[in-house]
Amino acid sequence: MSNIKIHSSWLELLNPAFQKDSFKNLKQQLLKERAEGIVHYPPGSQIFNAFDSTPLNDVKVVMLGQDPYHGPGQAHGLSFSVPQGIKSPPSLINIFKSIHADLGIPIPPHGNLSPWAAQGVLMLNAMLTVQAHKASSHKDIGWQEFTDFVIEQVSKHHNHIVFMLWGRFAQQKEPLIQGDHLILKSVHPSPLSAHRGFLTNKHFSHCNDYLQRTDQKPIDWTIKP
């Protein structure tokens with residue numbers, strides 16, 4: 001967890017979580033695994049990329065994922081996103097298909113979703129690290145206590161945020177959301193479930209309609225080549 005980059009706007013909000021014993025234990029666990037030669041994703045400098053890419057006061061949408069991609073080069077700290085040059089995973093392809101069905105936006109040639117983060121989409125995974133090739137390997141080391149705190153505090157910080165909760169795991173976080181917000185729920189974009197309504201959920205136009213109704217600028221969901 002060296003070379004951590006995080007936008008200064010988050011520091012006061014997150015400081016209580018950083019001071020908790022559970023977070024200190026999490027950090028020790030990651031250091032222990034690294035000393036044992038266990039590879040983690042994303043790289044240490046990108047673990048908090050979601051918070052570095054989207055300042056707290058800019059948050060308009062929370063797109064909640066489960067844990068980072070566990071293949072080499074895939075995870076870069078934004079839920080569902082991969083760096084340019086990395087093949088878009090199936091769930092991300094289905095997100096693009098849903099946007100195309102909803103808004104007619106072409107499916108892009110890469111899966112780097114940084115432009116969404118720059119517009120106020122907090123692309124948050126519930127677990128911020130994962131062991132290489134082992135999905136959900138860090139689900140019990142303390143990340144969820146940290147990210148549950150984030151969800152709760154962001155929802156308290158200001159109203160009229162759009163929370164995108166896809167799949168049962170994400171929807172279990174709904175009780176953490178406090179205040180006047182739009183909660184969009186659907187099956188997960190995974191190929192195992194996307195055909196059961198994700199591809200036609202129109203979440204992206206619903207999101208923008210709500211943002212406009214609450215005097216906020218809508219998200220441009222286009223990802224340019």
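**Thoughts on the packing of aromatic side chains**
Between two aromatic rings, the relevant description is the distance of the centres plus the angle of the planes. Evaluation of the coordinates by the stated rule reveals 17 aromatic pairs. Seen in terms of ring centroids, W143 and F146 are 5.9 Å apart; in terms of plane orientation they differ by 70 degrees. Their pairing is edge-to-face. You can see W143 and its partner F146 sitting in helix α6 (residues 143-157), three residues apart, about one turn around the helix. Classification of F146 by relative accessible area gives buried; the value is 3%. An angle of 85 degrees between the planes, with centres 5.0 Å apart, marks the rings of W166 and F198 as edge-to-face. Taken together, the residues span a long stretch of sequence, with W166 in strand β5 (residues 162-166) and F198 in the loop between β6 (182-186) and α8 (203-213) at a distance of 32 residues. By relative accessible area, W166 is classed as buried at 2%. Given the relative accessible area of 0%, F198 is considered buried.

**Considerations on the nonpolar core**
Soluble globular proteins: nonpolar side chains tend toward being buried together. W10, F51, W116, W143 and W221 are the most contacted members of the largest nonpolar core, which totals 65 residues. Residue contributions to this core peak at six residues, all from α6. Residues within four places of W116 in sequence aside, it is in contact with M63, I95, F96, I99, V121, M123, D220, W221, T222 and I223.

**Overview of empty space enclosed by the protein**
For the coordinates displayed, the defined rule picks out two cavities of 30 Å³ or more. There is about 50 Å³ of room inside the largest cavity. What lines the largest cavity is simply A17, K20, S22, F23, G142, E145 and F146. Residue composition of the lining of the largest cavity, grouped by class: three nonpolar, two polar and two charged. Taken as a whole, the second largest cavity spans an internal volume of roughly 40 Å³. Lining the second largest cavity, in full, are F96, I99, H100, I105, P106, P108, W221, T222 and I223. Looking at side-chain class alone, the lining of the second largest cavity contains seven nonpolar, two polar and no charged residues.

**Here we look at the layout of surface pockets**
In this model, the largest pocket occupies a volume close to 370 Å³. Along the walls of the largest pocket sit 23 residues, with Q66, D67, P68, Y69 and N125 positioned nearest its centre. When grouped by side-chain class, the residues that make up the lining of the largest pocket number ten nonpolar, twelve polar and one charged. When its volume is computed, the second largest pocket comes out at roughly 200 Å³. In terms of lining, the second largest pocket is formed by 14 residues, of which the most central are W166, G167, R168, F169 and H188.

**Here we look at the pairing of strand β3 (residues 121-125)**
Counting buried positions over the five residues of β3 gives five, a clear majority of the element. Of the two faces of β3, both are covered, the one formed by V121, M123 and N125 as well as the one formed by L122 and L124. For strand β2 (residues 61-65) and β3, the ladder comprises five bridges, and the chain directions are parallel. By the bridge assignment, L64 is partnered in β3 with L124.

**Things to note about the pairing of β2**
The buried count for β2 comes to five of five residues, which makes it a mostly enclosed element. In terms of strand pairing, β2 meets β5 through four bridges, oriented parallel. Paired with L64 across the two strands is L165, which belongs to β5.

**Some remarks on the environment of Y41**
The residue Y41 is located in strand β1 (residues 40-41) in this model. Through-space distance from the C-alpha of Y41 to that of N125 is 12 Å; in sequence the pair is 84 residues apart.

**Some words on helix α1 (residues 11-18)**
For α1, every residue scored as buried is listed here: L13, L14 and A17. Along the axis of α1, the buried residues cluster in a sector spanning 75 degrees; they form a single face.

Reading guide: rules and limits
- Residues numbered from 1 in each chain as written.
- Predicted model: local features only at pLDDT ≥ 70, side-chain atom pairs only at ≥ 80, totals over all residues.
- Heavy atoms only, no water.
- Phe/Tyr/Trp six-rings, centres within 6.5 Å; stacked < 30°, edge-to-face > 60°.
- Helix = DSSP H or I, 4+ residues; strand = E, 2+ residues; numbered from the N terminus.
- Buried < 20%, exposed > 50% of the residue type's maximum accessible area, 1.4 Å probe, protein only.
- Core = buried A, V, L, I, M, F, W, Y, C linked by side-chain atoms within 4.5 Å.
- Contact = heavy atoms within 4.5 Å.
- 1 Å grid on protein atoms, 1.4 Å probe; cavity = no way out; pocket = protein on both sides within 12 Å on 5 of 7 lines; lining within 4 Å.
- Points joined across faces, edges and corners; volume = space filled by probe spheres on them.
- Nonpolar A, V, L, I, M, F, W, Y, C, P; charged D, E, K, R; others polar.
- Pairing = 2+ DSSP bridges.
- Arc of directions from axis to C-beta.

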